[in-house]
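The primary structure of each chain is shown beneath.
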Amino acid sequence: MKIRANLAIGGGLTVLAVFVGLFGPWLAHTDPIMDANLMNAELPPSGEFWFGTDQQGRDIWSRVMYGAQISLAVGIGSQLLNTVIGTTLGVTAGYWGGWWDDFVNGLTNLMLAIPSLIFALAIMAILGPGLTSLLIALGLTNWSYTCRISRAQALSIKSQGYVQAARVLGYGDLRIMFTQILPNTLGPIIVIATLGMGGSILAEAALSFLGLGVRPPSPSWGSMLSDARETITTAPWLSLFPGLAIFLTVLGLNLLGDGLRDILDPQSRSRR
Amino acid sequence: MNRLALLSGIAVATAGLLAALAPVAEAQGTTPRKGGVVRMTAPYASSFGNLDPHMSGRSQDGQVHMTIHRTLYIWDSAKGAPALELATAATASAGGTVWTLKLREDAFFHNGRKMTADDVVWSFTRLMSSGQGFVGARWIRLVQGAVAVEKGEAKEISGIKKLGEFEVEISFTQKVEPGFLFYNMTTSILPQEEVAKPTWATNPVGLGPFKFKEHIPGSRLVTERFDKFYKPGLPYLDRVEFPIMAEASARDIAFRNKEVDTSILGPVQYVAYNNDANLKKNILEVAEVFTRSMVMNHGVKPFDDKRVRQAINHAINTQIIVERLARNKAYRATSWLPITVPGYDQDMKPYAFDPAKARALLAEAGLPNGFEFEWTTSQNESWGLPIVEAVIPMLAQVGIKVRTKVVEVAVLTDLALKGEFQAYIGSSQTGPDPLQTLRCFHSATPRTSCNVSGYKNADYDKLLDEAGTTDDPARKLDLLKKANWHLYDAAPVWFFNYNKAALAYQPWVHGLLGNPTELVHQYPEFIWVDATSPAK
Amino acid sequence: MLGFVIRRLLQMIPMLVAIALLIFVLFSVIPGSFATGQQDEGLGLDMAVVARMRAELGLDDPLYVRFGKYVQQLATLDLGVSFRSRQPVIEMIGARMWPSLKLTIAAMAFAIAIGLPLGFVAALRPGSLMDLGLMVIAVSGLSLPKFWLGILLMYLFALTLGWFPSFGYGQGGLSHLVLPALALGVSPMALLARTTRAAVLDIMNADFVRTARSKGMNEYRVVVWHVLRNALVLVLTTIGLQFGSLLGQGVVVEKLFAWPGIGSLLVDSVFQRDIPAVQGCILVITVFFLVINTSVDIAYKLIDPRIRYT
C-alpha cells in the first residue's frame, strides 16, 4: 500500500507540475515580464490577481505558471547532463577497468569531496547568471552518485554469462555496453535522476539566494522566493506561492522517486 | 580668510536644505549618561575585510575604523563641511597650495604613546610606499613628491616637512582644501611600532575614542572605551559592538526583538517601519551624496547623440519608480549634483515624463522606430535589476528594446572601467566636494578615473577649469551651478535618484549624526544610551 | 589497519593537489578581479592603487608561476595570505572552523535524534497510515529551500515566541545554536529517516533474523541486537556522506543567521575574488571530508569484522 501511495501522490504532483510547465503560457493571464504596472505593486490576492501582485506590479499567478517551465527545465536539463556524464563514465570505467577505472574513480572522489553547491557557485561566477549557466553548473557537479551506481552495475553484469557469450561472438565493446549493460542500469539511474531533479530545483533557489541564479526578469520560482524574503511579514503572498510551488513540485518528485525505487530497483533496500 | 569665506559660503548654501533634512539627533533636556553599550549592526557585508584603515575603503570597514582610528579632519555633518580634528589649526599660503597644520598635543595612541608630527609624516609616507596597495594613497598623491615615492624613486615625500614636534607643512601639486582629502579614514594616522608587529592585522591600535577588544570574524567586533581620549568627558559609552548582519530580513527581526540598537533600512523595511506608529519615531534620514543613474557609453551609437539621451530621460517615468520601487527612500535626481552639495540648484526641475516628446526626439535623431541596446546591471535592489525590470516596459513604449546583462558588482565595476558596456546602471559618489564630482565629466579625465561615459565638451571644460583656479568663492559657486545645468541639458546619463539613507534606532540611543557621506559612519564619541537600554 | 589508514592518507595528497589546480584554473578565468570587488558603491577606484594592489598580490604573474609558488607553500602547510585582510589564510580559517563544526555536529545530532527513531518506528509497521504519515513528514524536510525554512523558523521562534535569539553566534552558547541547527538539520533528518526505515525493513526480513525468531528468541532482543547493529552499518554511511555535504550546504544557513562559519567565509571570498581564501577553504573542507570518510570506514571494520578492505 505504501508503494502505491508514494507513486500516487508523487506521480500526481509531478504530473501537475509538468502540466503547468507545458500549458503555463496558456494558463497565465498576463505576460510575466512586460505586464508590469507599478501602480499595482504588492496587491494581495483578489479576483483579478489570483495570487496577488509582486513588487513590480506583475501578476504572481502568471509568473508562477511561467516559472514552472524554468524550474522543470532546470531540473530535467541538469539531470539529463548528470545522467549522461555519470553513466558514460561509470559504465566505461566498470567495463574496461584498468587505468581508466582508476582515473574515473579519482575524478569521482574529487567531485564528492568538493561541496557541490560551492562548485556550482564558482561555475556560475565564471559563466554569469542565466539559465544555460545554471544547467551547465548543476549538470557538471552532481554526477558522482550516478557514476558510482552505473559502475557497480557494469562490474556485476560484465561477469555474467551472456556478456561473455556476446564477446565470444565478436560483439564490439560499445555494442555490448549499449545493448547489454545500459538497459540493466536504467532502473536505479532513473530513480537517482528523479530524486536529483528535486535537488536541482532546490539548488536553483539556493543559488538565487546567494545571488547567482537564473537571469531575472525571468520568472523562476527560486528567484521569486529569494526576492520576496524581506517581505515575508508585510506581504506574505509574494513568497508563499512560489514557495508552495517549489515545495509541492520537489515533494512530488521525491515521492515519485521513492515509489519508482520500490518498483525498479529491488536491490535498493539492501543498498540504502 | 579665503578658506573661511568658502566654508561659510558652503554653510549658507546648504544650511537651508540641511535644516529641512536635519537629523533627529539629541533628545532635549536629558543629559548624556556615562556608561552602557551600543550594538550597531554592520549591514553591508558578511564580514569585515581589513582592520587596517589604510588598506580598506569599504563602507563597512569604515564603521570600525571610525571607532578605533582618527584622521587630521573629520566630517562635520551639522555644518556640511570638514572640521579640524587631529589638526588644530590650518593656514594656507602660496595661493592655497601650501598648508601649515598645527597638531594636537594631547592625542594618545591606545598603547599610551603621544602622537607627534613624526606619526603624520610616517603614516602618509607609508600610504605611498611602492609595492603595497594602500587605498588611501589616492588622497596623498596630490602632495608634492608623493608620486616619486610611489614609483620607488624616493624614500620620503618631499612635500611634507616637519616644522616642529606638533607642526607640519604640506605642499600640494595643485590648489586644494586639505579637509576634503584628510577626513577620509583611509588617511588615518597610525603608530609605526604597532604596524610593524605581526599581530597588526588582527589587533589594530589607533587614536580613536575606543580601543579594539575582540573580533569574531563573520559574527561581531567589540571595542571598549579608551580613557585617555583627547575630548574631555568623551566617549560616553563603555563599549561599542558591531554585530555583522548583512541579511535584511534577519536584521529586521533582530531589531524588533531589541537584540540590536541600529539597523539600516532598505526600501521595503523603510515603508514597514514608517507604517508602525512606534518605529517611525526613531528613523534617522539623510540625503547621502550618491547619485544613481544609468550611464551611457558615448562611444557607442546612438548614445553619442544628445537627443537620444534626452529622449530616454523623458521616456522613463522616474517619479513613479522612485515612489513605488524605491518607496520614496530616494530623492528624484535633477542633474548630477545631489541636494546637500553646493552647486545644487533648488529651482531645477527634473525631466518631465513625456513619451510623446521622447518619440519626437528619437525621430529627430533619425531613429523613428527606436533602437536596441544592452543594459548591464547588478542585482542590487536600489540601483540594479528591479529598476531595470521596471524601466524595460517604459522604454518599450517608445520603441527602445532592452537586453539585460546581469553581473556581480565586482564584474560591473570591471566592465565599466574597461568601457566594455553599452549602458549600465550604478551608483556614483557625488560629493562632498562638488568640483571633484563635476570633474568626472571633464574631457581630460580618463575613463578609469571616473569619466566612465566618455563625455567630451569644450564649453563644459572651460567652466570647470575656471572654477578650479578662481579665488572668488561666489564666482566658484556660480560656475559650479552653471556646470551642473550644462549636465542637465546634455543628459550624459539617465538621472535616476539621490540616495536617502534611513537608519532605524532604538529609543534609548542618542547622539547619532546624519552623516551624508555615509550614514553608518558615526563618530561614536557622541553616542550615548539612557538607562532603558537592555544591553549589558 | 594501520597500513590501511596510512594508504588512505597518502591517497589524499594527489587529490588535494588536483583540487588546488582545479580552483586555480577556475579562478583565472573568472571575470572581475579582487581590486574591482573592493568597491561597494561609488566607483571611486583609483587605478594607480589598483595597479599597486595587483603587483603586491602577485596577480600579474603568469599562471604557472603562481601555481608553482602555491604548491611550494602548500608543502609547508602554508595556505598563503588573504587578499582582503592580508592575514594568513590558515588563521582566518582556524577562527571559523569551530563554529562550522559546531553547527554541523548540532545539525547531525538533531538529524540522528529525530530521524533514526522516526525511520525505526515507521519500519515497525510498514504500509500503515502512520508509516505513510511519518515518511511524508520526512520527505517534506527534503523539499523545502533552506533559507525559506530558516526565515520561517526565525519569525516563529525568535520574533513571535521569543524562545531563541534570531541570529548570530552570541557567546557561543546553546540558545544561538538551536535555530540554525534546526534549519540545517531538517534535510539530513529526512534522509536518515528514510535510510533507517529501509535498512530496518531489509534486515527484519533477512534470513538470520527469521532464524533467530524461529529459535524462539525474545522479539525485543532480536530487534535490538541484530537489527540495530546491522542497520548501524548502513546508517553510518549516510552520516559520513552527509557530514561532508553539510559543510557545503551550511553556506546558506550561515549567511542567513550570520553564523561565523567557514561556509560563509567561502562564499564571501568567491564574490570578492579573494583567491587564496577560496582555495584554503575548499582544501580544508576537503581534508575534513576525507578524514571523516576514512573514520567511517574504520568504524565499519570495528563494527563488522567480516568487512575486509583490499
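Provided above is the structure to which this section pertains.
Below, the structure is looked at part by part. Small disclaimer: the values here were computed from a predicted structure and weren't measured.

### A short note on the interface of chain C and chain A
So, point 1. Facing 39 residues of chain C, the contacting portion of chain A comprises 37 residues.
So, point 2. For the side of chain C that touches chain A, the secondary structure elements donating two or more residues are α1 (2-28), α5 (129-141), α6 (146-160), α7 (174-204), α9 (219-257), α10 (262-271) and α11 (275-303) of chain C.
So, point 3. Considering each element in turn, the side of chain C that touches chain A owes the most residues, 6 residues, to α9(C).
So, point 4. Each residue belonging to the side of chain C that touches chain A can be placed in one class, and the counts come to 28 nonpolar, 8 polar and 3 charged.

### Let's talk about unusual backbone geometry
Residue and element names in this part refer to chain B.
So, point 1. Here the bond from Leu234 into Pro235 is cis, since omega is -5°, no more than 30 degrees from zero.
So, point 2. Assignment of secondary structure puts Pro235 in the loop between β9 (220-225) and β10 (239-243).
So, point 3. The omega torsion across Lys301 and Pro302 is 0°, close enough to zero to call that bond cis.
So, point 4. Inspection of the secondary structure puts Pro302 in the loop between β12 (283-296) and α10 (306-315).
So, point 5. Positive phi outside glycine occurs at Asn328, with the angle close to 60°.
So, point 6. In this fold, Asn328 is placed in the loop between α11 (318-325) and β13 (330-332).
So, point 7. Within the chain, Ala491 stands out as a residue other than glycine whose phi angle is a positive 45°.

### Looking at the sheet that holds strand β4 (residues 87-93) of chain B
Residue and element names in this part refer to chain B.
So, point 1. Strands sit in the order β4-β5-β7-β6 across an open sheet of 4 strands; the sheet is antiparallel. Each edge of the open sheet is held by one strand with a lone partner, namely β4 and β6 (160-164). On average, adjacent strands in this sheet sit at an angle of 20° to one another, irrespective of strand direction.
So, point 2. Where β6 lies against strand β7 (residues 167-171), 4 bridges are found, and the strand directions are antiparallel. Across the sheet, Lys161 pairs through a bridge with Glu169, a residue of β7.
So, point 3. Lying on the sheet, helix α3 (residues 117-128) is in contact with β5 (98-103), β6 and β7; it crosses β6 at an angle near 175°.

### Quick word on the pairing of β10(B)
Residues and elements named next belong to chain B.
So, point 1. Of all the 5 residues making up β10, 4 are buried; the element is thus mostly covered by neighbouring parts of the structure.
So, point 2. When strand β1 (residues 37-39) meets β10, the two strands line up parallel, connected through 3 bridges. Opposite Val38, over in β10, you have Val240 as the bridge partner.
So, point 3. Where β9 and β10 come together, 5 bridges link them in antiparallel fashion. Bridge assignment links Arg220 to a residue of β10, and that residue is Pro243.

Calculation notes
Residues numbered from 1 in each chain as written. Chains lettered and ligands numbered in written order. Predicted model: local features only at pLDDT ≥ 70, side-chain atom pairs only at ≥ 80, totals over all residues. Contact = placed C-beta atoms within 7 Å. Helix = DSSP H or I, 4+ residues; strand = E, 2+ residues; numbered from the N terminus. Nonpolar A, V, L, I, M, F, W, Y, C, P; charged D, E, K, R; others polar. Pairing = 2+ DSSP bridges. Axes fitted to C-alpha atoms, helices over the stretch in contact; angles between N-to-C directions. Buried ≥ 20, exposed ≤ 12 C-beta atoms within 10 Å, placed from the backbone.

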